[in-house]
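As a plain string of letters, each chain reads:
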Amino acid sequence: DVKVTQSSRYLVKRTGEKVFLECVQDMDHENMFWYRQDPGLGLRLIYFSYDVKMKEKGDIPEGYSVSREKKERFSLILESASTNQTSMYLCASRQGTYGYTFGSGTRLTVV
Amino acid sequence: AQSVTQPDIHITVSEGASLELRCNYSYGATPYLFWYVQSPGQGLQLLLKYFSGDTLVQGIKGFEAEFKRSQSSFNLRKPSVHWSDAAEYFCAVGGPSGYGNKLVFGAGTILRVKS
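Let us look at the structure shown here. (Residues numbered from 1 in each chain as written. Chains lettered and ligands numbered in written order. Predicted model: local features only at pLDDT ≥ 70, side-chain atom pairs only at ≥ 80, totals over all residues. Heavy atoms only, no water.)

On to the packing of aromatic side chains. Residues and elements named next belong to chain A. In total, this model carries 18 aromatic pairs over all chains according to the counting rule given. Ring geometry for Phe-33 against Tyr-100: centres 4.6 Å apart, planes inclined by 45°, an arrangement best described as tilted. On the criterion of sequence distance, the pair formed by Phe-33 in strand β5 (residues 31-38) and Tyr-100 in the loop between β10 (87-94) and β11 (101-102) is long-range, its members being 67 residues apart. For Phe-33, a relative accessible area of 2% translates into the label buried. (Phe/Tyr/Trp six-rings, centres within 6.5 Å; stacked < 30°, edge-to-face > 60°. Helix = DSSP H or I, 4+ residues; strand = E, 2+ residues; numbered from the N terminus. Buried < 20%, exposed > 50% of the residue type's maximum accessible area, 1.4 Å probe, protein only.)

What follows is the structure, given as structure tokens:
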């Protein structure tokens, strides 16, 4: 089975800090995604990548950037964390017509 | 633009009763449809998916879903609910893998099971 690993389950950061969320997949998938999950809003797409060094904005990219230097790793960066970025962040990968495989999520609290 | 509506935010059913979770979608082409389940503190697990063919699809844990193109719906069903089914359920729509095709999720339905 494909495994998607997010490096941290819980993070607490201060306002203004630069924050890195890491995601690694082990099945050579081309497509990787970062979603944000908030109660009552479901999952909203922040950024996605369809190849190394290729990235596209999703529906809510403001305040975020991403990096994909290697196929297996997709990083989400909060340039200057704010309290409204407190949320659950989910990474996913996909290849072909298979369903997306999600990581367990990182719950980020910005204080 | 593609979108997904899950009309029920919360549903409570008795253990052993049948379940139906509603999902309506908007998509400009033939949709790829998914149902995911999320237990508290966990990531999302794929229950089932529809790409083409038979409109009634079977998934894991005894779930099934029926694609109805005329109603733009993809409702999830289970004949007899177990207490372990209590979780949040997400319907999602997307296209085939490739540039620009992304998955859009509904807001989710929280299922409570009472004994």
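Still more ground to cover, so stick around.
Below, the discussion takes up the pairing of β10(A). Residue and element names in this part refer to chain A. With respect to burial, β10 is a largely interior element, 8 of its 8 residues being buried. Bridge count between β10 and strand β12 (residues 106-110): 3 bridges; the pairing is antiparallel. Looking at β12, one finds that Met-88 is bridged to Arg-107. Sheet topology places β10 next to β11; 2 bridges connect them, and they run antiparallel. Counterpart to Ala-92 in the pairing with β11 is Phe-102. (Pairing = 2+ DSSP bridges.)

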